[in-house]
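# Residue-level structural notes
For reference, the chains in residue letters:
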Amino acid sequence: QVQLVESGGGLVQAGGSLRLSCAASGRIFSSYAMGWFRQALGKEREFVAAIRWSDGSTYYVDSVKGRFTISRDSARNTVYLKMNSLKPEDTAVYHCATDADYSGRYYSPGEYDSWGQGTQVTVSS
């Protein structure tokens, strides 16, 4: 299985930027896509962004379009989430995950197979 470790979370002021990293090990080559999800206190896990491993196609939830950018470094088996213009409502634990097959339902947490432990992002107002 794929092992995932997130890093880069922290405390930032509203309007600031942060870059999250997700380092993968194991059978990363078998993954169809990787995604970022977030879960705020008292809320359900929410899709944020996904990237197709093979060609780099990207997908975003509407609330982060124009602010967040997902990217990959295939040589390092690492996926990044660059977050600009951060808002207090972005505060959450951010998890990366792998999707082993093609389903077209990249936005659904249930379609993902392996998950990291998460990294906390806190945006102060």
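See the structure above.
Residues numbered from 1 in each chain as written. Predicted model: local features only at pLDDT ≥ 70, side-chain atom pairs only at ≥ 80, totals over all residues. Heavy atoms only, no water.

## Things to note about the overall build of the protein
Within the protein, the regular secondary structure consists of 0 helices and 11 strands. When the helices and strands of the protein are listed from N to C terminus, the series reads β-β-β-β-β-β-β-β-β-β-β. Its C-alpha atoms give the protein a radius of gyration of 13 Å, within 12% of the compact-globule value 14 Å for 125 residues. Along the first, second and third principal axes, the C-alpha set of the protein runs to 40 × 25 × 25 Å. Looking at the 125 residues of the protein, the share that counts as buried comes to 40%. Within the protein, counting contacts between residues at least 6 apart in sequence, those at least 24 apart form 56% of the total. In the form shown here, the protein has an accessible surface area of approximately 6,400 Å², with 46% of it arising from carbon and sulfur atoms. With 13 positive and 12 negative side-chain charges, the protein shows a separation of 5 Å between the mean positions of the two kinds. (Helix = DSSP H or I, 4+ residues; strand = E, 2+ residues; numbered from the N terminus. Rg over C-alpha atoms; globule rule 2.2 N^0.38 Å. Buried < 20%, exposed > 50% of the residue type's maximum accessible area, 1.4 Å probe, protein only. Contact = heavy atoms within 4.5 Å. Areas by Shrake-Rupley, 256 points an atom, 1.4 Å probe, with all protein chains shown as cover. Lys, Arg positive; Asp, Glu negative; His and termini not counted. Charge placed at Lys NZ, Arg CZ, Asp CG, Glu CD.)

## Focus: the nonpolar core
W36, L81, M83 and Y94 are the most contacted members of the largest nonpolar core, which has 26 residues in total. When residues of this core are traced back to their parent elements, those giving at least two are β3 (18-25), β4 (33-39), β5 (46-52), β7 (68-73), β8 (78-83), β9 (92-99) and β11 (119-124). Take this core: its biggest share by element is 4 residues, from β3. Residue contacts for M83: discarding those within four places in its chain leaves G16, S17, L18, L20, R67, F68, Y94 and V121. One finds F37, F47, A50 and Y112 within the second-largest nonpolar core, a separate group that totals 5 residues. (Core = buried A, V, L, I, M, F, W, Y, C linked by side-chain atoms within 4.5 Å.)

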